Protein chains: 2
Amino acid sequence: MQSRLWIPLLLVLALPYTLAAEEGMWLFNNPPRKLLKENYKFDITDAWLTHLQRASVRLPHGSGSFVSADGLVMTNHHVASTAIQKLSTKEKDLLKLGFLANGLTEELKCVGEELFILMEIEDVTKTVKGAVKPGLSDEDAFAARQAIIATIQSDSEKKSGLHSEVVQLYQGNMYHLYRYKRYTDIRLVFAPEQQIAFFGGDADNFAYPRYDLDVTLFRVYEDGKPIKVEHFLKWNDAGVSDDELVFVSGHPGKTSRLQTLAELEYLRDKGYPYLLQRLNRWEVMGMVFAGQGQEADRRAKDFLFGVANSRKARLGGLAGLQDPAMMKKKTAAEKNLREAAAKNPELKDVGGAWDVISKVQKIRAKNISRHTLLEQGAAFNTSLFSYARTLVRAADEYAKPNEKRLEEFTDANKKRLELGLFSKRPIYEDFELAKLEDALGWMTEELGNNDPMVKKILAGKAPRQRAIELIQGTKLTDPELRKKLYEGGEEAIDASDDAMIQLAKLIDADARKVRTIIDTQVSEPSRQAYDKIAQAKFAVEGTDIYPDATFTLRLSYGSVKGYKEGKKDIPFETHMGGAFEKSAANDNKAPYDLPESWLKNKDKINLKKSFNFICTNDIIGGNSGSPVVNRKGEVVGLIFDGNIQSLVWDFVYTDDDARSVAVTTPAITEALRSIYGGGTLADELISGARK
Amino acid sequence: MQSRLWIPLLLVLALPYTLAAEEGMWLFNNPPRKLLKENYKFDITDAWLTHLQRASVRLPHGSGSFVSADGLVMTNHHVASTAIQKLSTKEKDLLKLGFLANGLTEELKCVGEELFILMEIEDVTKTVKGAVKPGLSDEDAFAARQAIIATIQSDSEKKSGLHSEVVQLYQGNMYHLYRYKRYTDIRLVFAPEQQIAFFGGDADNFAYPRYDLDVTLFRVYEDGKPIKVEHFLKWNDAGVSDDELVFVSGHPGKTSRLQTLAELEYLRDKGYPYLLQRLNRWEVMGMVFAGQGQEADRRAKDFLFGVANSRKARLGGLAGLQDPAMMKKKTAAEKNLREAAAKNPELKDVGGAWDVISKVQKIRAKNISRHTLLEQGAAFNTSLFSYARTLVRAADEYAKPNEKRLEEFTDANKKRLELGLFSKRPIYEDFELAKLEDALGWMTEELGNNDPMVKKILAGKAPRQRAIELIQGTKLTDPELRKKLYEGGEEAIDASDDAMIQLAKLIDADARKVRTIIDTQVSEPSRQAYDKIAQAKFAVEGTDIYPDATFTLRLSYGSVKGYKEGKKDIPFETHMGGAFEKSAANDNKAPYDLPESWLKNKDKINLKKSFNFICTNDIIGGNSGSPVVNRKGEVVGLIFDGNIQSLVWDFVYTDDDARSVAVTTPAITEALRSIYGGGTLADELISGARK
């Protein structure tokens, strides 16, 4: 199947680089004005852009947008599901039951949630590069870069009062400073049952046609009141029409389109298989845990959803990497660029950059296991360890000046760190134990029983026995204790006999060691090499190249458009009645079982309303919850998925049959009115304000 | 938890070796007469033994026993499930619905099933060892051993008309010739719904207390009529009582109790993790396939059951291997034996044997991947490839004299091979495609995209594309075509343009090459080394040592006995009412949902009837379906599982809290009468013959 996906993205003989028709995750400060003008006769104005930018929001697990002047935010159910699970109990499982607040007083305050609005972008490339003098060792270059970024961020925060992040673009060629307004009082207003939000389950994930009401509405509060927003998207209740030009504004997480062949080969041969092996293991472990009964199933649900989703996405990406047709094209493109660079006297020192990246992959492969296990904490796979690690390091790091600290402990990140650390979210010891036992077993398999670190961690016990000891020996489930230890600093940590704190201390030197290897022997040389390659690309192929995704705000444009699967026409939209048909064809059995609320209100629903639609907009994981807007900047849809064919967008864009998948706006108001008794909310969406 | 499992099996200072109380999978021609006499005042008579031996049967996936003079065979539902699935269709899923034949005419003939009764055992150690002259190279020794075994088997078949197998015992110290009567007309008589046969699902697999009716009844036919059997087990409808002495007669598949520390370390560090990685992957792939809907679920069910079962068993075994306490004891025991052997002048050349086994593990680790992928066919994971492989090799092998052929193509194995090859079992192309695509992807990850074999197999295509091509290009789903190719020999194979046949031909030389490495560089030297170690063991520890399991008939004895879990008493039996209680406690939700037949007949069932029970008998995978008999040789139960604590029995036996789990005989007759309308069948069981 994959073979049909590849269009000649880089024509072997034709330079410069030709963009596929509707390709691109464009920076808001460098939008594709010319392309839109030429191909669609559409003028992007600054006002249009600023409005869309500020109506867009970033959530911890995805994207969203303001859809009323009273701070109403629309995102996906699956972006909100972690927040919804935190509000659920054994007695009241909101993921299962759904939720609708009857008026402001019933809106439920989320636990440890936050939301960002991008206010300004500033190019700080010169400042960053200026601080990293040529000729520095990789260690010194890394430290200098880290220091200047910490300083820029901290200065910006002090000056603007806005959360400030320096974002590296083109893998190290440019640095932009993003300033965000940040909110932490986020309340749940509406969520349908997960059953219809994720209708079709794993089988239909990344598939099309779809019938999913993957929506959740939050409201943002400040000082106990809903915020007033100037920039919110006007609701278009007619939705989309075939072939219409639409835009997506959201936060694509990560793509690897500009990476060299050597790095793609690393991902194909090591990175993806290694991750998939762990995901398979976690999925089986999670399902075994969930299989114990309803409450266990509820506790593991959010974890399992995330794992299964990643597994399917990565498997699709790996299928792309294993396709010789794609790799052949990538090979040819790289060869062309290298040859063109070699002929250009100004680019003569670029040649070695590809070799650097190739060499770096070997160091990466050698260290991935210890880095994943010890530094990323996969050897433990429990938030109780993550808390312990944060507490142990906070005591060390906050004693240092801002510019010398590990990135996550810099001043700019302090509020976010504290939000997570002090969160009162429920922690289920039985599930943490299951994950920890499995993780310790996996660590033992990976590093071997005789590895000194394994011996230290297991302390002469079998993985399960040690896991029980650790879970029984920690009280970090208590947010008050975490706060006390955090505020107590080094002294409190030194005095603690908590088993997880002890474990985090025990391995910290080794974990930092492997982090340093990755930071200074992999990331830093890669960054410098990619900087050179980007310069060559700009010189050879022109500057109209968007950077790879970085979980920052991007604009993509495309068309509402069906496709062909073999000889079959796949239309651009589905209808609400299709959900009933699909369910009936499967005897209303899982994963095609409709919730009670749909079955009993079938007569009231306008079954001809459009439900989901597809478009060619260039998105990737992280874009979930992004608004789809029309030329007028009105919201017409809500991105929630891509089809199977789009999974190769990690590496290359094609619009042959790869599509983004969205919920239509009319389906949302129709469901609110006819199924959920949410007429007031539907009115707010349509009028743009509470009545 | 594992730490509680280990009793001091080998006291560090006390030699000779002391058996745990009720340990042992004893040979029928070397039963533990003395132990039973001394500890239980029980005299095993030859008549008692012969009766039990001939009433026991071996099935492709486990054990069973005759329970009426009219050829009725009792085994587990999970042993029969592959056969039941082959008889099922989309319209009539017998795994789900259950089945009861109303009289002989309704008994359903199984597809490609066979059944063996052990008639005679003969010690052929001298003949085998005599043919393998000292001083031969490993290659020549392997060939000589293979030749003599093929000859012994073939001669025996010609003389006796019985299926003959030479079995290697003590990893290479003894060779016994087993002669079996073989039947192939096996008919399904009764199977309950899988829901109650596997009540509690994966969550309760290897757990206790249990409430599973894991039983199926077959009837053996010859010449279109039920066979008459002299040796069948008399049905004891009272079941067992606490602390009663009971015996299990069945076919334990494989244990590793006599293996050296180096081999256990190999299993811990490589063998088990490698297998588990594949099982996790298969389980996820199978569940994703099954998640597409009811019919997909039915098609994948039997595969998934087997994978999940192996995963749980292996994970339990690995937990044992990762327990330092067990490994410490194994280390001490080996040290003692080596020291004792070193002091004995007659054993002076044994010392090197341990080193040989240690060296061999490195060769094994190096070749496991290619051996698993190419020779075992895991790179394809479809029976369509297995058929192709068999056909391609049959053409080669049958051209050679019997004693030069690969083991599975010797005359003695010909009938079994043909039974499988010509079987009319249903093959679902969609599921075969899903497995093949996954397997080709896994092969690519394992060997790397640039491996010449991978390139040859993928032929320039992506795994999915190649999988589609292979499935579309083969007609081996048709048993008639398989028969034609088989009978056509080399000429037919050479002329075939079937894609799977071509693939099997393409890789055959490489597959054979890695098989030869394992045969001659791993198996043969191991066999010779273990022969020496066994001699040392017999000399130092005495000859009352049972050999590791070999999927041949063994006798174990033990007691019906509860145990303590922490402070909680786990009683020796459960009752039928407990199934209703457990189900109610879980809202009758999966995996604790009772079938309709149980719910509607609840009033008729004697809820106080015993249902499942546990005993200390030493069993392992392969024993599923084994009868439990009392001193009188009457059947009182049906083995179907062990508890979690018993999963370390792969490596060491303990009866502290490890237990075998069985269905009681009274539960079977009660269910037949009160739930399934099988009164006639219950009468046959109790009277021992059809009325």
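Residues numbered from 1 in each chain as written. Chains lettered and ligands numbered in written order. Predicted model: local features only at pLDDT ≥ 70, side-chain atom pairs only at ≥ 80, totals over all residues.

A. Inspection of unusual backbone geometry at higher detail. All names here are of chain A. Cis peptide bonds are those with omega within 30 degrees of zero, and the linkage from Ala590 to Pro591 qualifies with 0°. Relative to the elements of secondary structure, Pro591 occurs in the loop between helix H20 (576–585) and helix H21 (596–600). Although it is not a glycine, Phe206 sits at a positive phi angle of roughly 60°. Turning to its location among the elements, Phe206 is positioned in the loop between helix H8 (201–204) and strand S11 (216–222). We note that Asp243 has phi near 70°; this positive angle belongs to a residue other than glycine. Looking at Asp243, the number of C-beta atoms within 10 Å reads 11, which means it is exposed. (Helix = DSSP H or I, 4+ residues; strand = E, 2+ residues; numbered from the N terminus. Buried ≥ 20, exposed ≤ 12 C-beta atoms within 10 Å, placed from the backbone.)

B. Highlighting the interface of chain A and chain B. The interface is formed by 38 residues belonging to chain A together with 38 residues belonging to chain B. Breaking the side of chain A that touches chain B down by element, the ones donating at least two residues are H8, helix H9 (261–290), helix H10 (294–321), helix H15 (429–447) and helix H17 (463–472) of chain A. Considered class by class, the residues forming the side of chain A that touches chain B number 10 nonpolar, 17 polar and 11 charged. (Contact = placed C-beta atoms within 7 Å. Nonpolar A, V, L, I, M, F, W, Y, C, P; charged D, E, K, R; others polar.)

C. Region of interest: the pairing of strand S9 (residues 174–183) of chain B. Residue and element names in this part refer to chain B. Relative to S9, strand S7 (residues 115–123) runs antiparallel, the two sharing 8 bridges. Bridge pairing links Ile121 to Tyr178 in S9. With 7 bridges joining them, strand S8 (residues 163–169) and S9 adopt antiparallel strand pairing. By the bridge assignment, Glu165 is partnered in S9 with Tyr178. Where S8 hands over to S9, the hairpin turn is made up of 4 residues, of which Tyr170 adopts a positive phi near 50°. (Pairing = 2+ DSSP bridges.)

D. Inspection of the relation of the copies chain A and chain B at higher detail. Mapping chain A onto chain B calls for a screw motion: a turn of 180° about the axis and a shift of 0.0 Å along it, with 0.1 Å RMSD after fitting. Put plainly, the chains are arranged around a two-fold axis. Taking C-alpha positions as reference, the residue of chain A nearest the rotation axis is Asn280 of chain A, located at 2.8 Å. A share of 100% of the interface residues of chain A reappears at the interface of chain B, consistent with the copies meeting face to face through the same patch. (Least-squares fit on C-alpha atoms with pLDDT ≥ 70 in both.)

Take it as geometry only, folks, not as evidence of what the structure does.
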